[in-house]
Amino acid sequence: MVQKLEMIYEGKAKKVYKTDNPDLAWVEYKDDATAFNGLKKGTIMGKGELNNKISAHFFELLAQKGVPNHFVELKSDTEQVVKILQIIMVEVIVRNIAAGSLAKRLGLEEGTPLKHTVLEYCYKNDELGDPMINDYHIAALGLATKEQMAQIAEMALKVNEVMREYLKDKNIDLIDFKLEFGLHRGKVLLGDEISPDTCRFWDTETKKKLDKDRFRRDLGDVEDAYREILKRLQGGE
Ligand code: UDP
């Protein structure tokens, strides 16, 4: 039995605690929500529980499909135990359909299918607003090795394939999402979370947004959207 010890870090959406096992951390998901690099703040009632469960669900699916990741076990409605990673300071974005910043940057209407999957990297640095970078910047800053980035790209595309296929049956379009990776005992593992906070999910039929864009853009029904995602993952339509 893993024991929860003192808090070591509090982020925007999670609190992280030490445990009596030096390889493991205890993560508590919060209801707090932020957007636009922390400029917009709010609370989404029940989000901690929903994201804890949604993220655990995706990480279990991905482990089964051969994507090594940090998830160990759920501990309560809002808590889970994960392997401690030395986080690689690169956010990886995968896109299937134009939305958000890509739609704006390339002048595409939101919802335009992309002819090829897009991988983007951002430097994980709040002060700089997570600027977009490429493999050369990553090498120049020493954020990861070439070999690690090759593995990360391959894993990110695999996550996309597994999740798209899985969500198709649930009537959910996977528009885009953000991943983070880290090193655990020298191995690259998928970390962080996979939830409506980090993915764009649209209902396949109605194209209704079932993700954090409801909070970012004040569309209402935010909690309902997160609840709907968990319900569909658990098989209750
Ligand atoms: N994303 C994220 N954290 C970030 C930035 C983006 O989880 O700090 C996710 C976002 O939810 C979306 C995808 O990555 O699913 C692409 O986001 P985009 O670059 O369009 O940024 P945004 O529209 O959020 O500014």
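Residues numbered from 1 in each chain as written. Predicted model: local features only at pLDDT ≥ 70, side-chain atom pairs only at ≥ 80, totals over all residues. Heavy atoms only, no water.

Within an unreviewed UniProt entry, the label attached to the chain reads Phosphoribosylaminoimidazole-succinocarboxamide synthase, and the organism entered is Formimonas warabiya. In the Sequence similarities (unreviewed entry) part of its UniProt record, the chain is described as follows: "Belongs to the SAICAR synthetase family." (UniProt positions renumbered as here; feature names shortened; annotations may be inferred.)

In this section: the site of the ligand. R95, S101, D176, R200 and R216 are the nearest of the 15 residues found near the ligand. Between an oxygen atom of the ligand and a side-chain N or O atom of D176, the distance comes to 2.6 Å. Within the contact set of the ligand, an oxygen atom lies 2.9 Å away from a side-chain nitrogen or oxygen of R216. Alone, the ligand offers 510 Å² of accessible surface; in the complex the protein occludes 76% of this. Every element with two or more residues in the shell around the ligand is listed here: strand 8 (86-97), helix 2 (100-106), strand 11 (172-184) and strand 13 (199-203). (Near = heavy atom within 4 Å. Polar contact = N/O pair within 3.5 Å; in protein donor to acceptor, adjacent residues only side chain to side chain. Areas by Shrake-Rupley, 256 points an atom, 1.4 Å probe, with all protein chains shown as cover. Helix = DSSP H or I, 4+ residues; strand = E, 2+ residues; numbered from the N terminus.)

On to the pairing of strand 7 (residues 79-83), then. Counted residue by residue, strand 7 has four buried out of five residues, so it is predominantly covered. Sheet topology places strand 6 (residues 71-74) next to strand 7; three bridges connect them, and they run antiparallel. Looking at strand 7, one finds that F71 is bridged to V82. Between strand 6 and the antiparallel strand that follows it, strand 7, lie four residues. (Buried < 20%, exposed > 50% of the residue type's maximum accessible area, 1.4 Å probe, protein only. Pairing = 2+ DSSP bridges.)

Attention now moves to the pattern of salt bridges. Within this structure, the stated rule accounts for 33 salt bridges. A salt bridge links R185 to D23; the nearest nitrogen and oxygen atoms lie 2.5 Å apart. One end of the pair, R185, is in the loop between strand 11 and strand 12 (187-190); the other, D23, is in the loop between strand 2 (14-19) and strand 3 (24-29), and 162 residues separate them in sequence. With a relative accessible area of 71%, R185 lands in the exposed category. Several salt bridges converge on common partners, so that one network encompasses R95, R105, E110, E120, D176, R200, K209, D213, R216 and R217. (Salt bridge = Lys/Arg side-chain N within 4 Å of Asp/Glu carboxyl O.)

Further remarks concern the packing of aromatic side chains. For the structure on display, the rule yields one aromatic pair. Taking 6.1 Å as the distance between ring centres and 25° as the angle between the ring planes, the aromatic pair formed by F58 and F201 counts as stacked. Placement of the pair is F58 in helix 1 (residues 47-64) and F201 in strand 13, with a sequence separation of 143 residues. A single burial state applies to F58 and to F201, both of which are buried. Between K4 and the ring centre of Y17, over which it is positioned, the NZ or CZ distance is 4.3 Å. Between K40 and the ring centre of F215, over which it is positioned, the NZ or CZ distance is 5.2 Å. (Phe/Tyr/Trp six-rings, centres within 6.5 Å; stacked < 30°, edge-to-face > 60°. Lys NZ or Arg CZ within 6 Å of the ring centre and 35° of its normal.)

The five strands are arranged 1-2-3-7-6 in an open sheet whose pairing can be described as antiparallel. The open sheet has two free edges, formed respectively by strand 1 (4-10) and strand 6, since each of these has just one partner strand. Within the sheet, the average angular offset between the axes of one strand and its neighbour, ignoring direction, is 30°. The pairing of strand 3 with strand 7 spans five bridges and is classified as antiparallel. What sits directly across from W26, in strand 7, is V81. (Axes fitted to C-alpha atoms, helices over the stretch in contact; angles between N-to-C directions.)

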